[in-house]
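Listed below are the residues making up each chain.
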Amino acid sequence: MSEDVRLVAWVRGRVQGVGFRWFTRAKALEIGGLSGFALNLGDGRVQVVAEGGREGCEGLLEWLQSDDTPGRVDGVTEIWDTPRGGYDGFAIR
């Protein structure tokens, strides 16, 4: 059984106004077992917080870093932590 983790990722590039948060939520739901959110930041980045099994979070991070995302991803910075809970599903904020 995979340990539960918390992934916080900041995605840089042309990631606002292109449906990035919607597709991120759809990918998280496709992977399954993840909760959290995707949020546009004032500086043009998108912040993604995902909690769930390590394998699922790693899969979401791989997708965020891939060429399959909408827009253009120039880079992703991530941190890993222990889950904090309190999320009901995966939201767009």
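Residue indices begin from 1 for each chain and proceed along its sequence in written order. In view of the model being predicted, local features appear only for residues whose pLDDT reaches at least 70, and side-chain atom pairs are presented and counted only at 80 or more, with totals across whole chains, interfaces and linings using the full set of residues. Where side-chain values are given, they derive from all heavy atoms of the structure, hydrogens and water being excluded.

- If you look the protein up in an unreviewed UniProt entry, it shows as acylphosphatase from Streptomyces variegatus.
- UniProt positions are given in the numbering used here, feature names are shortened, and annotations may be inferred rather than shown by experiment. We quote the UniProt Catalytic activity (unreviewed entry) comment for the protein here in full: "an acyl phosphate + H2O = a carboxylate + phosphate + H(+)".
- Quoted verbatim from the Sequence similarities (unreviewed entry) heading of the UniProt record, the comment on the protein is "Belongs to the acylphosphatase family."

### Some points on the nonpolar core
Then, in step 1: The biggest cluster of nonpolar side chains holds 19 residues, and the ones touching the most others in it are Val 11, Val 48, Leu 60 and Leu 64.
Then, in step 2: Only DSSP runs of H or I reaching four residues or more are called helices, and only runs of E reaching two or more are called strands; each is numbered from the N terminus. Among the secondary structure elements, those contributing two or more residues to this core are β1 (4-14), α1 (20-31), β3 (46-53) and α2 (54-64).
Then, in step 3: Here this core gets five residues from one element, more than from any other, and that element is α2. Side-chain atoms within 4.5 Å link the members of a nonpolar core, which is a set of buried Ala, Val, Leu, Ile, Met, Phe, Trp, Tyr and Cys residues. A 1.4 Å probe rolled over the protein chains alone gives each residue an accessible area, and that area as a share of the maximum for its type sets the label: buried under 20%, exposed over 50%, partly exposed in between.

### Considering the packing of α1 against α2
Then, in step 1: Here α1 crosses α2 at 145 degrees, and the two axes come no closer than 10 Å. In this structure, α1 crosses over α2, and the sense of that crossing is right-handed. Residue-level contacts link Phe 20, Phe 23, Thr 24, Lys 27, Ala 28 and Ile 31 of α1 to Gly 56, Gly 59, Leu 60, Trp 63 and Leu 64 of α2.
Then, in step 2: Residues are sorted three ways: Asp, Glu, Lys and Arg are charged, Ala, Val, Leu, Ile, Met, Phe, Trp, Tyr, Cys and Pro are nonpolar, and all the rest, Gly among them, are polar. Looking at side-chain class alone, the contact of α1 with α2 contains seven nonpolar, three polar and one charged residues. Axes here refer to lines fitted to C-alpha atoms; in helices the fit is confined to the stretch in contact. Angles between the N-to-C directions go from 0 to 180 degrees. Crossing handedness follows the turn of the near helix against the far one: under a right angle anticlockwise gives a left-handed crossing, and clockwise gives a right-handed one. Contacts are assigned to residue pairs with any non-hydrogen atoms lying within 4.5 Å of each other.

### Let's talk about α2
Then, in step 1: Those residues of α2 lying buried are Gly 56, Cys 57, Leu 60, Leu 61, Trp 63 and Leu 64. One side of α2 holds all its buried residues, which, seen down the axis, span an arc of 160 degrees. Turned more than 90 degrees off the buried face of α2, the exposed positions are Glu 55 and Glu 62.
Then, in step 2: Elements in contact with the buried residues of α2: β1, α1, β3 and β4 (72-81). Throughout, the arc means that of the directions going from the helix axis to the C-beta atoms.

### Quick word on the pairing of strand β2 (residues 35-40)
Then, in step 1: A pair of strands is labelled paired if DSSP reports no fewer than 2 bridges between them. One ladder, built from six bridges, connects β2 with β3; its direction is antiparallel. From the neighbouring strand, Phe 37 faces β3, where its bridge partner is Val 49.
Then, in step 2: The antiparallel pairing of β2 with β3 creates a hairpin that spans five residues between the two strands, and Gly 44 there sits at a positive phi of about 95 degrees.
Then, in step 3: Bridge count between β2 and strand β5 (residues 90-92): three bridges; the pairing is parallel. Counted as the bridge partner of Phe 37 is Ala 91 from β5.

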